[in-house]
Amino acid sequence: MAIEKKQILYRAYLVAGFLVLFAGAIIYKLFEIQFVKGQEYISMAEESTVKSFEIFANRGNVYTADGSLLATSVSKYDIRMDPISVKESDFQSGIRDLSLQLSKMLGKTPGHYETLIKKGRATKNRYVFITRNLDYNEYQRIKKFPIFKLGPYKGGLIVEQRTVREYPIGEMAKRAVGYDDYRGRVGIEGSFYEYLRGKNGKRLKQKISKGQWKPISDGNEIEPVDGKDVVTTIDLNIQDIAHHALLEQLELFEAEHGTVVVMETKSGEIKAMANLGRTSKGTYFEDRNYAVYESHEPGSTFKLMGMVVALEDKVIDTGYMVDTQGGEISYRGRKVRDSNKGGYGTISASRAFEVSSNVGIVKIIDKYYRDDPQKFVDGLKKLHVGEKIGLPIKGEGEPIVPKPSDKSWNALSLPWMAYGYGVSLTPLQTLTFYNAIANNGEMVRPKFVKEIRTQTNSVSTFSKEVIDPKICSQETID
């Protein structure tokens, strides 16, 4: 019996000792959590429940030269409610009036909103969705509704602001204006994003149930700074005429796509730029900026460049006579034809250019540069033909002017170049050359933006940029 008692006591002491050690371990852990690692655990808790969210600044506006809006940022407001934060007396006295006001503004029945909010309160939902996409005036109205007018803490009003980009004149000049978002940086928006973007702010939010985040207060930790405005060179009236003229011709010929650019001769200011592409349904919209990026065979518009080279080299003058040979000649079995059946007879070089005679121009260039085609290519280079013009808008297409040293060069390369085939230029590169002739030989870079400004001040202005003060002699220009 005595042995059994000793064994029981031994076991009791053992259990008691274990319990003391266990209690000591708990006390030590509590001490460590509270005093040694307390701040660390508090920080970890805060990081998982409180986070700083970025508030995107309003982008600057994009204007036409006359002050019309091409692109603007509009604030939109999403409204939610935390019904738990509202005192019982305030909730009971105001819920019906709040539901009635919401019904008048948003369209659904008062009963819908009363049931929605009461259910949220009963289920302890602190993030009840009310509506989204309110404009500023609607947001100001809803802030004054019963219960909501008590504010974010006593009235449970949760407001989340965001900005969306809108284009007041619709499709017109949309590709020239461009964008700066998940799709990349395109057009004026993309090229001048550093001015337009502004500086983002920050706002603290607290994590609540169901992984949702609720603003801690109705104020921002760091206020966003709005972007600056960009004033373009585009003239809205000219843009409207260019857009609809292009649309009319594309619909008439059922063309795949087209572009129109209007450039002011002296300054290089782009007054209009329309780019329309055809959909599978046969309608047209601002698809891609063909004027900037699409490098293609210029065809007869290239004849001016060849004529300037020939006049500069003095191998011909405007009175030089050329036989168009019935409007058709052959090179290695390949025919060059004039649009006028039967040709134009024997005509001057100036007349050949005037009527855009393929045969006349090709015969001139082939005769005087056949033995030294590099001289023709060098002449084009002096005129900056085949060079990028260095646009402020990104995405300029690569010009192509073949050289005799190219592997692809053959006996057809020179005559085909003479009337615009086998070469490749963008519409803006072609326009810049033509504009230089119209501008008495001064080649200027196309200009899209006049000024960067805030609401009150001019930040920066953009002057005319001269690529070459005189691309060729005055005699040739004349």
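Here the structure is shown first, and the text comes after it.
Calculation rules
Residues numbered from 1 in each chain as written. Predicted model: local features only at pLDDT ≥ 70, side-chain atom pairs only at ≥ 80, totals over all residues. Heavy atoms only, no water. Helix = DSSP H or I, 4+ residues; strand = E, 2+ residues; numbered from the N terminus. Rg over C-alpha atoms; globule rule 2.2 N^0.38 Å. Buried < 20%, exposed > 50% of the residue type's maximum accessible area, 1.4 Å probe, protein only. Contact = heavy atoms within 4.5 Å. Areas by Shrake-Rupley, 256 points an atom, 1.4 Å probe, with all protein chains shown as cover. Lys, Arg positive; Asp, Glu negative; His and termini not counted. Charge placed at Lys NZ, Arg CZ, Asp CG, Glu CD. Pairing = 2+ DSSP bridges. Axes fitted to C-alpha atoms, helices over the stretch in contact; angles between N-to-C directions. Salt bridge = Lys/Arg side-chain N within 4 Å of Asp/Glu carboxyl O.

Asks: Could you give an account of the overall build of the protein, naming the residues involved and the relevant values?
Replies: Broken down by element type, the protein carries 18 helices and 21 strands. Taking 478 residues into account, the globule formula puts the C-alpha radius of gyration at 23 Å, and the protein, at 37 Å, lies well above it. Along the first, second and third principal axes, the C-alpha atoms of the protein reach 140 × 70 × 45 Å. When each of the 478 residues of the protein is scored for burial, the buried share is 42%. When contacts within the protein are restricted to residue pairs at least 6 apart in sequence, those whose partners lie at least 24 apart make up 71%. In the structure as shown, the protein presents an accessible area of about 26300 Å², 52% of it carried by carbon and sulfur atoms. Between the centroid of the 68 positive side chains of the protein and the centroid of its 60 negative side chains there is a distance of 10 Å.

Asks: Lay out the sheet that holds strand β13 (residues 284–285) with the relevant residues and their values.
Replies: The antiparallel open sheet is built from three strands, whose spatial order is β11-β12-β13. Strands at the two margins of the open sheet, each flanked by one partner only, are β11 (257–263) and β13. Where β11 and strand β12 (residues 270–278) come together, seven bridges link them in antiparallel fashion. Across the sheet, the residue bridging to His257 is Gly277, located in β12. Across the sheet, helix α10 (residues 236–253) lies against β11, β12 and β13, angled at about 30° from β12, the strand it touches most. This element, helix α17 (residues 427–438), spans β11 and β12 of the sheet and lies at about 30° to β11.

Asks: Residues and numbers for the pattern of salt bridges, please.
Replies: Using the criterion set out here, one finds 23 salt bridges in the structure. A salt bridge links Asp406 to Lys403; the shortest N-O distance between them is 3.6 Å. For Asp406, a relative accessible area of 26% gives the class partly exposed. On the accessibility criterion, Lys403 (35% relative accessible area) is partly exposed. It is possible to trace a salt-bridge network through shared partners that takes in Arg59, Arg165, Asp180, Arg185, Glu189 and Arg197.

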